[in-house]
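Descriptive analysis of the structure
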Amino acid sequence: MRIVVFLVTLVVLAFVGYVAISGYFLAHATASLLKSGPMATALSSLEPPTDPLAPGYRGDPTAALSLPFDIVALDTELGPAEAWLVPATAAEAGRAIYVHGIAGAREDGYRALTILHEAGWSVLLISYRNDPDAPPAPEGSYGFGLTEWPDLEAAVTKMAPGDGDRVLVVADSMGAAILGQFLAHSPAAPRVQAVALDSPAISFGAMIDQMATEGGKPLPGLVAWTAKQILRFKTSLPLAQAEVATPFVAFPGPMFLAHGSADRITPIGPAQALAAARTAPTVTLWTGADDLGSYAEDPEAYRAAFKDFLSRLAP
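Source: prediction; values computed, not measured.

**Observations regarding a nonpolar patch on the surface**
A contiguous nonpolar surface patch, about 330 Å² in accessible area, is contributed by Ile21, Tyr24 and Phe25. Mapping Ile21 onto the fold places it in helix α1 (residues 2-34).

**Focus: the sheet that holds strand β1 (residues 70-76)**
The strand order β1-β2-β4-β3-β5-β6-β7-β8 describes an open sheet built from eight strands, whose pairing is mixed. Strands at the two margins of the open sheet, each flanked by one partner only, are β1 and β8 (282-287). Strand-to-strand twist across the sheet, computed as the mean angle between neighbouring axes with direction ignored, equals 20°. Judged from the four bridges that link them, strand β3 (residues 94-99) and strand β5 (residues 167-172) form a sheet pairing that is parallel.

**A word on the side chain of Asp172**
Relative to the helices and strands, Asp172 is located in strand β5. Within the structure, the side chain of Asp172 is placed 2.8 Å from the side chain of Tyr98, a separation counted as a polar contact. In contact with Asp172, not counting residues within four places along its chain, are Tyr98, Val99, His100, Gly101, Asp108, Arg111, Asp198 and Leu292.

**Thoughts on the environment of Ala201**
The topology assignment puts Ala201 in the loop between β6 (192-198) and α7 (204-214). Counting along the chain gives 176 residues from Ala201 to Phe25, while the straight-line C-alpha distance between them is 22 Å. Beyond its immediate sequence surroundings of up to four residues, Ala201 is in contact with Phe144, Ser173, Met174, Ala176, Ala177, Met207 and Thr266.

**Observations regarding the pairing of β6**
Where burial is concerned, most of β6 is hidden: six out of the seven residues are buried. After leaving β5, the chain enters helix α6 (residues 174-185) and then returns to the sheet as β6, a path that is right-handed. Taken together, the four bridges between β6 and strand β7 (residues 255-260) define a ladder with parallel strand orientation. Counted as the bridge partner of Val195 is Met255 from β7.

**Let's talk about the packing of aromatic side chains**
Any pair of aromatic rings gets described here by the distance separating the centres and the angle formed by the planes. Counted under the stated rule, the structure contains nine aromatic pairs. Over the aromatic face of Trp84 sits the side chain of Arg106, whose NZ or CZ is 4.0 Å from the ring centroid.

**Here's the deal with unusual backbone geometry**
Despite not being glycine, Ser173 shows a phi value in the positive range, around 50°. Tracing the backbone through its elements, the reader meets Ser173 in the loop between β5 and α6. Residue Ser173 is classed as buried on the basis of its relative accessible area, which comes to 7%. Phi is positive for Leu219, close to 55°, though the residue is something other than glycine. Residue position: Leu219 is located in the loop between α7 and α8 (220-234).

**Some words on the packing of helix α5 (residues 149-159) against α6**
One can describe the packing of α5 onto α6 by two numbers: an axis separation of 8 Å at closest approach and a directional angle of 75°. By the angle between their axes, α5 is roughly perpendicular relative to α6. Taken together, the residues of α6 that come into contact with α5 (itself represented by Trp149, Leu152, Glu153 and Val156) are Ile178, Leu179, Gln181, Phe182 and His185. Looking at the contact of α5 with α6, its residues break down into six nonpolar, two polar and one charged.

Calculation rules
- Residues numbered from 1 in each chain as written.
- Predicted model: local features only at pLDDT ≥ 70, side-chain atom pairs only at ≥ 80, totals over all residues.
- Heavy atoms only, no water.
- Patch = residues over 30% accessible without salt bridge, like charges linked within 9 Å, V, L, I, M, F, W, Y side chains within 5 Å.
- Areas by Shrake-Rupley, 256 points an atom, 1.4 Å probe, with all protein chains shown as cover.
- Salt bridge = Lys/Arg side-chain N within 4 Å of Asp/Glu carboxyl O.
- Helix = DSSP H or I, 4+ residues; strand = E, 2+ residues; numbered from the N terminus.
- Pairing = 2+ DSSP bridges.
- Axes fitted to C-alpha atoms, helices over the stretch in contact; angles between N-to-C directions.
- Polar contact = N/O pair within 3.5 Å; in protein donor to acceptor, adjacent residues only side chain to side chain.
- Contact = heavy atoms within 4.5 Å.
- Buried < 20%, exposed > 50% of the residue type's maximum accessible area, 1.4 Å probe, protein only.
- Right-handed = clockwise from strand over helix to strand, strands pointing away.
- Phe/Tyr/Trp six-rings, centres within 6.5 Å; stacked < 30°, edge-to-face > 60°.
- Lys NZ or Arg CZ within 6 Å of the ring centre and 35° of its normal.
- Parallel < 35°, antiparallel > 145°, perpendicular 65-115°, else oblique.
- Nonpolar A, V, L, I, M, F, W, Y, C, P; charged D, E, K, R; others polar.

See the structure below:
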């Protein structure tokens, strides 16, 4: 009997140890992902693509697309943040703002910019805290929208200075988390006429679940749950509040939503649930692409869907 108890105890201890250790390392990896320096340094060491419409391209709108632009400063609570304003060439059909994802850059918005500029829109491609041309965050980390949304508020105020003015906000990856927090908390939220999301990171919890699954280890659900508990002690950010499906479901304006089923960073499930829950006009493009890869997989389908979305916007 003692041998049985001993063996059961060993199995329990091994199980608890495995879950605790795996959860700790996942929490550590997640906390490291939120640090502003390491990811940006790693990405900057990669050879950038030469195609301006590929994620990771670097070069201003004139160098990339032969489009004239102005450098403007956004008055954020931490100080000025640089943005690129690409004006419409003729009568302005509307105004749009682009918000990039974690450790991304303004250039990542060129896919949307080409479509919007062709349709007569002026587009502001912004930087926000922790970007090279913006102030650093005091905590030295990304906040998954919890801390960055006031920077978007400064951009919306710039492009839509009056209560009667309206803008379209285009957001990729963590940019969607920033936009979601803005919609939930900013008094300027009613100035947003429509939103366009690509590979949106709308659930921090779902991203941890995805990381656990991608790790290929046993019991990913339990490991992810453990990591979420440990994260409370590794960051002061209330990451349990980094869930923005609710403001997007409630958003009354038109929405464009593109996402790929092979996305290894931001899982497609929350985006599909969001689209199913909305009652306002929603144009979706589901592909088999990886993160931010839907345009590259089928540029014609992407452009057609985006133009269909723009056609639903009131002049």
